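Residue-level structure breakdown
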Amino acid sequence: MNVPDQLLTTLAKGDATLSQLTQMIAVLEQREYPVRLSIGISSSATVDSLGTYLRKHALLAGVRADIMLGNYDDPIGDVDQFVRAGVGQMVLLPFFDALLPAFEAQLGTMSADAVDAKEAELRARYRLVFGKARALRLVWLGNFHRMNASADVGGDDVAEAVLARFNAALREEAAAFPNIRLIDTGDVVRTVGRQTAFDLRFYFRNKAPYSGAFMNELARRIAQASRGFGTRFHKVLVLDCDNTLWGGVVGEDLMKGIKLGPYDYPGNIFWRVQHEFAALERSGIVLCLCTKNNPADVDEVLRNHPSMVLRDARFVSKKVNWEDKPSNLRALAAELNVGLDSMVFVDDSAFECEAVRQQLPMVTTVQVPSTLSEYPRVAREIAELFLAGGVSADGADKTALYRQRAGAESAKAQFDNQEAYLASLELKVALARNVVASGGRISELSLKSNQFNLTMRRYTEAEVTRMMGDECYAVYSLNVADKFGPAGLTGVAVLRYEGQLATVENFLMSCRVIGRGVETAIWARIAADAVARGCTELGAEFIPSPKNAQVADFYDRLGLPLQSISADGARHYRAAASAFTPPDTSWIEISYVE
Amino acid sequence: MLNETTLKQVMVTMLNVDVACINDDASMDTIENWDSLRHMNLVLALEDEFKVQIPDEDAGNITSYKLIKLVLNALLVAKA
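The rules behind these values
- The numbering scheme is per chain: residues are counted from 1 as the chain's sequence reads.
- By the order in which they are written, chains take letters starting at A while ligands take numbers starting at 1.
- With pLDDT at 70 or above as the cut-off, local features in this predicted model cover only qualifying residues; side-chain atom pairs require 80 or more to be listed or tallied, and sums for whole chains, interfaces and linings still use all residues.
- By convention in this description, side-chain values take in all heavy atoms of the structure and omit both hydrogens and water.
- Elements are defined by DSSP. Helices are runs of H or I of four residues or more, strands are runs of E of two residues or more, and each kind is numbered from the N terminus.
- Each residue gets one of three labels from its accessible area relative to the maximum for its type: buried under 20%, exposed over 50%, partly exposed in between, using a 1.4 Å probe on protein chains only.
- Multiplying one less than the number of residues by 1.5 Å gives the expected span of a helix.
- In what follows, a contact means two residues having at least one pair of non-hydrogen atoms within 4.5 Å.
- Only strands joined by at least two bridges in the DSSP assignment are considered to pair.
- To obtain an axis, a line is fitted to C-alpha atoms, over the contacting stretch when the element is a helix, and the angle between two such axes runs from 0 to 180 degrees between their N-to-C directions.
- Buried surface area refers to the total accessible area, computed with a probe of radius 1.4 Å, that the two partners give up upon joining, counted for both partners together.
- In the sections that follow, a salt bridge refers to a side-chain nitrogen of Lys or Arg positioned within 4 Å of a carboxyl oxygen of Asp or Glu.
- Definition of a polar contact: a pair of N or O atoms within 3.5 Å, with one able to donate and the other able to accept a hydrogen when the atoms are protein atoms, and with sequence-neighbouring residues admitted only if both atoms are side-chain atoms.
- In this text, buried Ala, Val, Leu, Ile, Met, Phe, Trp, Tyr and Cys residues form a nonpolar core when linked through side-chain atoms within 4.5 Å.
- Stacked, edge-to-face and tilted labels apply to pairs of Phe, Tyr and Trp rings (six-membered ring for Trp) whose centres lie within 6.5 Å, assigned for plane angles under 30 degrees, over 60, and everything in between, in that order.
- Look at NZ for Lys and CZ for Arg. If either is within 6 Å of the ring centre and within 35 degrees of the ring normal, a charge sits over the ring.

Residues and elements named next belong to chain A. The omega angle of the peptide bond from Tyr 265 to Pro 266 is -5°, so this bond is cis rather than trans. By secondary structure assignment, the location of Pro 266 is in the loop between α13 (250-257) and α14 (267-282). Not every positive phi belongs to a glycine, and Leu 254 is a case in point at roughly 60°. Considering the arrangement of structural elements, one finds Leu 254 in helix α13. Leu 254 gets classed as exposed once you look at its relative accessible area, which sits at 53%. Of note, the phi angle at Glu 426 is positive, near 55°, even though the residue is not glycine. The topology assignment puts Glu 426 in the loop between α20 (418-424) and β11 (428-433). The exposure class of Glu 426 is partly exposed, given its relative accessible area of 43%.

Listed below in structure tokens is the structure:
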């Protein structure tokens, strides 16, 4: 094995430390990949490490994934950004507890009206997100799940009821959009275990609730449901008979001696697995037999065994002979006119499996586990190979049902555009100028914010206080609130006045509130203040840092004319104060505090 | 006993910096890449690598090479 193959084997084993994993991914990504795709991640929790695990599972499927991270809780803005960047698919993970601060805890005391209002807002917001996301090929939508177990031993508390309601709302809104695939994140939590799924240390500090184990399982499921990010298209399930469809060897034990039936071990395991395979056949998967047996023996079981689930008619083609399995598989592929890579082959014999793996590595080969109680789980994994995104026969019915309901919903949709949605939020911005009491929070925000920070200039509290008392400076801060409550002091602009020129020394915001027009709403007033001081010109600049690329064109969007770009990428803007008109944000109510 | 070479390697990987950057003066203030998100992954990677559980109150505060060494040494001694 060469080095990259060894790394892939280690990667697949999944016992590497986080540091080793990061290193292995970096090394493996240096190779050339025939398939390269970009995935955007948008969430109302900090989920950056999901990117690492998506890259891992993509590499395991032979695909190079480039990850683009969205902002905190800005799905609308994220979709815009992803579409502009040409991202093909997006993982969208709304986080239940972050719908409002400590939402799960708040629910115990929230009024029914407030919950209704939140649901209406949720529907309106995600309807917009989904509508915009039509431009993406695929959207993986994680549903809501709880972080804390119910204190009620019956699991029946307010949070549980609201969770079910909000999940139904998400499903209904999503149903009208065929590019959306739901991922049951609650089941991911159950699979890895609630204790393991969360790391609360970083939830309260960084809004990052999930552990690596959760992220890995979520990424694995996405890879699985996307059939290895589009690299696998399995259509045909080829089954051996003895010790695969039933226990025992029909040629020796005869039909009466084989183990198959609903009640007794080990026949009940084979009977159960046959039901799994039958469900696959019903959803459109082609079943074939490939077994070394006398045709008459097998036919008798298919026709006459009382507990046989997979009857003769279920099989499109049967290779019951004494030929070697690779030859039979080749013949099946030719007969069905499908590629060998669309076949999954199941056999109990290590010898047969190895022969197929050696000679036909493109066939996905699965050996029946020697511990028989594991077989139903393996059968589920086989089903996952075929079913993309959990779409099954009854799933399709459900989708149709949801589609009808969503159609009725959207007929009475209150919000047909982003502005109407934003207006429904009743956004209020209190713009304050030189409020000394806020100095501490202003300094803190300037030290902490990285992404929405135009020049990366940072200020200590003493500097903030000094500038507030200095004629040549003004420090603006903004408090944002909407109908669901206050978001606190979440933006700062520092203005420097020199003669007739008012320069924005820095403008920064917390990620919590971007994407709602707040960032543009304040500038009319700031410009008017500058004019009142006798300034005729406005200046501003963007200084790039490794983290603030998302605001590189902020002043362009604000409508300031670009003067020049320096060699280091800094962008300089200048405008006549009287001619400056920021974009319309009439949905925001602005008040002014001095 | 703390293996400093391993520690440095983990920091180099998780902070995505050159090994020369990791010295006794290295901290969140001197390394631009070392932001709060990378810090989180660094703490998780250190726990993974050294098989320790960094207590809540230390997790947010070990923002320099020296502090990380101090805390890891204490945890490894306690474990031994």
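From this point, the discussion proceeds with the structure in view.
Residue and element names in this part refer to chain B. The end-to-end C-alpha distance of helix α4 (residues 65-79), which contains 15 residues, comes to 21 Å, matching closely the 21 Å that a straight helix rising 1.5 Å per residue would cover. Every buried residue of α4 is listed here: Tyr 65, Ile 68, Lys 69, Val 71, Leu 72, Leu 75 and Leu 76. Considering only its buried residues, α4 is in contact with α1 (4-15), α2 (36-50) and α3 (56-59).

Right, let's get into the sheet that holds strand β14 (residues 501-509) of chain A. All names here are of chain A. Taken together, the eight strands give an open sheet; going across it, the order is β16-β17-β15-β14-β13-β12-β11-β18, and neighbouring strands pair in mixed fashion. The open sheet terminates on both sides in strands that have one partner only, identified here as β16 (562-565) and β18 (589-593). Across the sheet, the mean angle from the axis of one strand to that of its neighbour is 25°, orientation sign disregarded. Across four bridges, the pairing between β14 and strand β15 (residues 537-542) is parallel. Residue pairing in the sheet places Val 504 in a bridge with Ala 540 of β15. Strand contacts of helix α24 (residues 523-532): β11, β12 (473-482), β13 (485-498), β14, β15 and β18, with the helix running at about 30° to β13, the strand carrying the most contacts.

So, about the interface of chain B and chain A. Listed by partner, the interface residues are 23 residues for chain B and 18 residues for chain A. Here chain B packs against chain A, burying approximately 1700 Å² in sum over the two surfaces, 58% of which is carbon and sulfur. For chain B, the biggest contributors to the area lost against chain A are Thr 13, Leu 37 and Met 40 of chain B; these three give 26% of the whole. The shortest N-O distance in the salt bridge between Arg 201 of chain A and Glu 47 of chain B comes to 2.5 Å. Counting the contacts that link chain B with chain A gives six residue pairs in polar contact (both at pLDDT 80 or more). Counting only elements with at least two residues in the side of chain B that touches chain A, the list comes to α1, α2 and α3 of chain B. No other element matches the ten residues that α2 of chain B contributes to the side of chain B that touches chain A.

We now examine the sheet that holds strand β7 (residues 286-292) of chain A. Residue and element names in this part refer to chain A. Taken in spatial order, the five strands make up an open sheet running β8-β7-β6-β9-β10, and their pairing is parallel. With partners counted over all chains shown, the strands left at the sheet margins are β8 (315-321) and β10 (364-367), one partner each. For this sheet, the mean inter-axis angle between neighbouring strands, taken without regard to orientation, is 20°. Relative to β10, strand β9 (residues 343-347) runs parallel, the two sharing four bridges. Directly across from Val 344, in β10, lies its bridge partner Thr 364. Set on the sheet, helix α15 (residues 295-304) makes contact with β7 and β8; between it and β8 the angle comes to about 145°.

Counting residues in each nonpolar core, the largest one holds 76 residues, and the members touching the most others are Phe 130, Phe 507, Trp 523 and Tyr 555 of chain A. Among the elements that take part in this core, helix α6 (residues 112-132) of chain A stands out by supplying seven residues, more than any other. Once residues within four sequence positions are removed from consideration, Trp 523 of chain A is found in contact with Ala 493, Val 504, Phe 507, Phe 554, Leu 558, Phe 580 and Pro 582 of chain A. Residues Leu 138, Val 189 and Tyr 210 of chain A together with Ala 45 of chain B belong to the second largest nonpolar core, which totals 75 residues.

So, on to the packing of aromatic side chains. Residues and elements named next belong to chain A. The final tally for this structure, using the stated rule, is 18 aromatic pairs over all chains. Where Phe 96 meets Phe 144, the ring centres are 5.7 Å apart and the plane angle is 55°; that geometry is what we call tilted. Taken as a pair, Phe 96 in the loop between β3 (89-93) and α5 (103-106) and Phe 144 in the loop between β4 (138-142) and α7 (158-175) lie far apart in primary sequence, 48 residues in all. Taking the relative accessible area as the measure of exposure, Phe 144 reaches 2% and is therefore buried. Aromatic side chains Phe 452 and Phe 507 sit 5.5 Å apart centroid to centroid with 90° between the ring planes, which places their arrangement in the edge-to-face category. On the criterion of sequence distance, the pair formed by Phe 452 in the loop between α21 (439-448) and α22 (461-469) and Phe 507 in strand β14 is long-range, its members being 55 residues apart. Among the aromatic residues, those joined into a cluster by ring pairs are Phe 95, Phe 198, Tyr 203, Phe 204, Tyr 210 and Phe 214. In this structure, Lys 118 is placed above the aromatic ring of Phe 484, and the distance from its NZ or CZ to the ring centre is 4.1 Å.

Just distances and angles here, no functional claims.
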